[in-house]
Amino acid sequence: VRAALDRLGEFGLPVRVTEFDLNTDDEGQKARFLREFYTTCFGHPAVTGILMWGFWEGRHWRPQAALWKKDWTPTPAAEAYRDLVYDRWWTRWQGQADADGRCRAAAFFGRHRVTVEGAEKEVELSKADGTVTLDARSADPAEWTIRPGDEDS
């Protein structure tokens, strides 16, 4: 999979994974493959998204590939998916700025809700941004900006 993504990445276009099913009775294998495939795609610089079309056995064109059974019982693959997306790849950070008004936090690409002293703004971090600095010195979220960062930000 990585080699295929590398070849696609040579074109310089965004890669979006949209067709991925594991049609098997082996629930353990399905969970392992989902974890490996999603992790490979998530970590590849050319991949900008992964879209799962079917996830519920009651409406999936390949019911054995579904992550949730007809009664909404999660399969081991559903648990693997939730662990990756909501635990490992979900940015949660809380802290305080230093005396200069700076703080440093690792964040995944994507949309983030940032709250500073009760004021809130949604910001988008893309792979093109690299390291960024969120300037939230103003109390007005409309004035907050994202700019290229440096190692000291």
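What counts and what doesn't
- Residues numbered from 1 in each chain as written.
- Predicted model: local features only at pLDDT ≥ 70, side-chain atom pairs only at ≥ 80, totals over all residues.
- Heavy atoms only, no water.
- Helix = DSSP H or I, 4+ residues; strand = E, 2+ residues; numbered from the N terminus.
- Phe/Tyr/Trp six-rings, centres within 6.5 Å; stacked < 30°, edge-to-face > 60°.
- Buried < 20%, exposed > 50% of the residue type's maximum accessible area, 1.4 Å probe, protein only.
- Salt bridge = Lys/Arg side-chain N within 4 Å of Asp/Glu carboxyl O.

### What about unusual backbone geometry?
- For W72, which is not glycine, the phi torsion reads 70 degrees and is therefore positive.
- Take W72: it is sitting in the loop between strand 2 (47-50) and helix 3 (76-88).

### Brief notes about the packing of aromatic side chains
- In this structure the tally under the stated criterion is 9 aromatic pairs.
- For the ring pair F55 and W72, a centre distance of 6.3 Å and an interplane angle of 45 degrees mean the geometry is tilted. Of the two residues, F55 is situated in the loop between strand 2 and helix 3 and W72 in the loop between strand 2 and helix 3; the sequence distance between them amounts to 17 residues.
- Classification of W72 as partly exposed rests on a relative accessible area of 47%.
- Ring-pair connections join several aromatic residues into one group, and the members of that group are F20, F37, Y38 and Y81.

### Here we look at the pattern of salt bridges
- Within the structure shown, the criterion is met by 6 salt bridges.
- The residue R2 makes a salt bridge to D6 at a minimum N-O spacing of 3.7 Å. Highlighted residues: R2 and D6, both in helix 1 (residues 2-9), separated by 4 residues, approximately one helical turn.
- Overall, R2 belongs to the partly exposed group, its relative accessible area being 41%.

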